[in-house]
Amino acid sequence: MDFTEAQFQRYARHLILPEVGEEGQARLMAARVLVVGAGGLGSPLLLYLGAAGVGTLGVVDDDTVDLSNLQRQIVHPTARIGAPKTASAEATLAALNPEVRVETHPLRLAKENVEALVGGYDLVADGSDNFTTRYLLNDACYRLRKPLIAASLAPFDGQLSTFKAYLGPPNPCYRCLFREPPPPDLVPRCETAGILGAVAGVMGTLQATEVLKELLGLGDSLSGVLLMYDALRASFHRVRIPRDPNCPTCGTSQ
């Protein structure tokens, strides 16, 4: 594609990377990424994908901006308290990079709409905070053959992986890792357990990096690997995720 002078300047640090260059930047500008959740993970994720020039960003969230969000949800300014998070994220991204198209979906994912939403994008980034959404996205992405980059947060920890089980063994899906959701009292939500705000920034930025790697075909995918971050020890740990032959989503017996 032909870049404008402004685009050459905006994406100059990408264009001089041999691994990206004009071809890679054009690929990013043509990509469609669905980001589920405009909260602690979705905020840095959306900002870095928008800054990178990902052409179309879909944002799914049915919540409104609350003062308690602002300690970590950096895509939302104080002036937008009470506004839908999708509209607030759209406004911030427009100010950051007006070339990026933002498609807002102010709704909660459900069985009735998940496939229509996922089917309209090249890749899905899950920044949700509940297991119902995570399982819905896992199953839909497997059926529709879409890469899924999923992250989660704890007060001082985070987890990240990429799921591409549709490629076949040895690639696992989310249900290979967590067959069933844990009891509700075992994984408290951040409004009851709390969270160090910057931990969301670390994990959301790592998630954005994995999205860009998948779109560009760079480096090693996290498919089959769970990356765990411990903020208090300033450490990362990698765990292999085996594919479960009896998985109800991607198992060979299905």
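A brief look at the structure comes next. (Residues numbered from 1 in each chain as written. Predicted model: local features only at pLDDT ≥ 70, side-chain atom pairs only at ≥ 80, totals over all residues. Heavy atoms only, no water.)

Some words on the overall build of the protein
Tallying secondary structure elements over the protein gives 10 helices and eight strands in all. A globule of 254 residues ought to have a C-alpha radius of gyration of about 18 Å, and the protein, at 18 Å, matches this closely. Considering only C-alpha atoms, the protein reaches an extent of 55 × 40 × 40 Å along its principal axes. The buried share of the protein, reckoned over its 254 residues, is 51%. Contacts in the protein between residues far apart in sequence, at least 24 positions, make up 65% of those at least 6 positions apart. Accessible surface for the protein amounts to roughly 12100 Å². Of this, 55% is attributable to carbon and sulfur atoms. (Helix = DSSP H or I, 4+ residues; strand = E, 2+ residues; numbered from the N terminus. Rg over C-alpha atoms; globule rule 2.2 N^0.38 Å. Buried < 20%, exposed > 50% of the residue type's maximum accessible area, 1.4 Å probe, protein only. Contact = heavy atoms within 4.5 Å. Areas by Shrake-Rupley, 256 points an atom, 1.4 Å probe, with all protein chains shown as cover.)

Thoughts on the pairing of strand 4 (residues 123-126)
Residues Leu123 and Ala125 of strand 4 are buried on one face, and the alternating residues Val124 and Asp126, pointing to the opposite face, are buried as well. In this sheet, strand 5 (residues 148-153) lies alongside strand 4 in parallel orientation, the contact comprising three bridges. Along strand 5, the bridge assignment pairs Ala125 with Ile149. Handedness of the crossover joining strand 4 and strand 5 through helix 7 (residues 131-144) is recorded here as right-handed. (Pairing = 2+ DSSP bridges. Right-handed = clockwise from strand over helix to strand, strands pointing away.)

Quick notes on the nonpolar core
Counting 35 residues, the largest nonpolar core has Val33, Leu46, Leu49, Val54, Leu57, Val211 and Leu215 as its most contacted members. At the level of secondary structure, the elements contributing two or more residues to this core comprise strand 1 (32-36), helix 4 (42-52), strand 2 (56-60), helix 5 (85-96), strand 4, strand 5, helix 10 (197-216) and strand 7 (225-230). Looking at this core element by element, the count peaks at six residues for helix 10. Leaving out residues up to four positions away in the same chain, Leu57 has contacts with Val33, Leu46, Leu49, Gly50, Leu93, Val100, Arg101, Val102 and Glu103. Judged by nonpolar contacts, the second largest core, of 21 residues, contains Leu136, Ala150, Leu226 and Ile241. (Core = buried A, V, L, I, M, F, W, Y, C linked by side-chain atoms within 4.5 Å.)

Remarks on the environment of Glu19
Here Glu19 lies in the loop between helix 2 (12-15) and helix 3 (21-30). Taking the C-alpha atoms as reference, Glu19 lies 34 Å from Lys85; in sequence the two are 66 residues apart.

A closer look at the sheet that holds strand 1
Pairing is mixed in the open sheet, where eight strands are placed in the order 3-2-1-4-5-6-7-8. The sheet is open, and its two edges are formed by strand 3 (101-105) and strand 8 (235-240), each paired on a single side. Between one strand axis and the next, the sheet turns by 15° as a mean value, whatever way the strands run. Two elements, strand 2 and strand 3, share five bridges in a ladder whose sense is parallel. Within strand 3, the position partnered with Thr56 by the bridge is Arg101. Each of strand 1, strand 2 and strand 4 is contacted by helix 4, which is oriented at about 165° to strand 1, the strand it contacts most. (Axes fitted to C-alpha atoms, helices over the stretch in contact; angles between N-to-C directions.)

Quick notes on the packing of helix 3 against helix 10
It is at 9 Å that the axes of helix 3 and helix 10 come closest, and there the two elements cross at 110°. Of the possible angle classes, the one that applies to helix 3 and helix 10 is roughly perpendicular. Every pair of crossing elements has a handedness; the one defined by helix 3 and helix 10 is right-handed. Here helix 3 contributes Gly24, Arg27 and Leu28 to the contact with helix 10, which in turn contributes Leu212, Leu215 and Leu216. Residue composition of the contact of helix 3 with helix 10, by class: four nonpolar, one polar and one charged. (Parallel < 35°, antiparallel > 145°, perpendicular 65-115°, else oblique. Left-handed = near helix turned anticlockwise from the far one by under 90°. Nonpolar A, V, L, I, M, F, W, Y, C, P; charged D, E, K, R; others polar.)

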